[in-house]
Amino acid sequence: MNKMDFLKEVSALPKGVYLQLVTKLTLLDETIIRSNDPEEVLTFRYQKLGNRFIIPWRKIKGKLRRMTLEKQRSLGISPDCHLKDDLCMRCPSCFIFGGTGETSSAKVAYNILGRILGETFISTTEVGEVEPYTQNAVDELTHTTGQALMNIVTVPPETEFYGVITVKDPTKEMASVVIDNLKRLTRIGARSVEWGRATLEILGYKLTDREDLSAYFIVNDNGDLLSELEKIDSLSLPEVESSYRILDEQVATIVESINKKATKRK
Ligand SMILES: [Zn+2]
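The numbering scheme is per chain: residues are counted from 1 as the chain's sequence reads. Under the rules for a predicted model, residues below a pLDDT of 70 receive no local features and side-chain atom pairs below 80 are neither given nor counted, while totals for whole chains, interfaces and linings still include all residues.

A.B. asks: I keep staring at the overall build of the protein and nothing clicks. Help me out?
C.D. replies: Of regular secondary structure, the protein possesses five helices and twelve strands. Think of it as a crowd count around each C-beta: if 20 or more other C-beta atoms lie within 10 Å the residue is buried, if 12 or fewer it is exposed, and in between it is partly exposed, with C-beta placed from the backbone throughout. The 266 residues of the protein split such that 32% are buried. We call two residues in contact when the distance between their C-beta atoms, placed using the backbone, is within 7 Å. Within the protein, contacts between residues separated by at least 24 positions form 71% of all contacts whose residues are at least 6 apart in sequence. In this text, helices come from DSSP runs of H or I with a minimum length of four residues, and strands from runs of E with a minimum of two, each type numbered from the N-terminal end.

Next comes the structure, spelled out in structure tokens:
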């Protein structure tokens, strides 16, 4: 493992630099999680760790992306960029979180591979004997109970989770934007009523040439890996609003050069 430096500018091509941020998320309320979706797994039995609460990465990623969009909109950057089918494919948010040209109304001939990678968050303690139960979902129109089965799991307040979030090929501006959003995160999930309040603490970071941390390892060794981390305060990062503006300019330049190449090929 080699220590690396931040990139000076955003890069279209991979450079093999990984900023791994180790975070601890704490739920402040008792949280009821409802799910009709089998993919939305909320507990998982690990062979070594036993039964744990887990939070799928896409729940956290979705929240971070929304926060990034809101913040850049407040700065007048790509106010027309919207989630789902209306990504602009040329703003800081699209650059960090990725997007595909096909699903964008921007009708561009390129995709953007997201620069932020995450994995499942795992609770620091085992789930007690409370097993998730299933009940019939009530049809809102007829008030009858239908076929749809709904899983309900309650997570006790103050449950803590470890999670590792990686920024690929980071510049200091990218780190500033991502860290600012992580620090401001107070709720998780798209429909936050189901999740309630949370706080997120960044326990430390590593800036190296590979990804070698995971929530699983950290939970498994009772946090010993945490002592190897560097403190986030030791990073002297640029101020967040100017970081959005600098990123916006750099991403525009990259997109322009990609477009030129795409036109040449035709
Ligand atoms: Zn965008």
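A.B. asks: Can you help me understand unusual backbone geometry in this one?
C.D. replies: Within the chain, Met89 stands out as a residue other than glycine whose phi angle is a positive 65°. As for its placement among the helices and strands, Met89 is situated in the loop between α1 (57-74) and α2 (92-97). With 24 C-beta atoms counted inside 10 Å, the residue Met89 sits in the buried group. Non-glycine residue Glu158 carries a positive phi angle of around 70°. Mapped onto the elements, Glu158 comes out in the loop between β10 (145-155) and β11 (160-168).

A.B. asks: It is not clear to me how the nonpolar core should be interpreted in this structure. Could you clarify?
C.D. replies: Core analysis: the biggest nonpolar cluster contains 55 residues, and Cys94, Phe95, Phe121, Met174, Val178 and Leu247 have the highest contact counts within it. Of all the elements, strand β1 (residues 18-27) adds the most residues to this core, at six residues. Any nonpolar core is a set of buried residues, restricted to Ala, Val, Leu, Ile, Met, Phe, Trp, Tyr and Cys, that join up through C-beta atoms within 7 Å.

A.B. asks: I would appreciate a short explanation of α1 in the present structure.
C.D. replies: What sets the pattern is the α-helix's 3.6 residues per turn: residues three or four places apart point alike. For a helix, the expected span equals 1.5 Å multiplied by the number of residues minus one. Under the 1.5 Å per step criterion, the end-to-end length of α1 is 26 Å for 18 residues, consistent within 8% with the ideal 26 Å. Listed as buried for α1 are Ile60, Lys63, Leu64, Arg65, Thr68, Leu69 and Gln72. A positive phi of about 75° marks Gly76, the residue just after α1.

A.B. asks: For this particular structure, what's the right way to read helix α3 (residues 172-184)?
C.D. replies: Here α3 spans 18 Å end to end across 13 residues, near enough to the 18 Å set by a 1.5 Å rise per residue. Among the residues making up α3, those that are buried are Glu173, Met174, Ala175, Ser176, Val177, Val178, Ile179 and Asn181.

A.B. asks: Help me understand the environment of Lys168, please; the structure alone is not making it clear to me.
C.D. replies: Along the chain, the position of Lys168 falls in strand β11. When the C-alpha positions of Lys168 and Leu117 are compared, they lie 7.5 Å apart, and in sequence the two are 51 residues distant. The residues contacting Lys168, other than those within four sequence positions of it, are Tyr18, Arg115 and Leu117.

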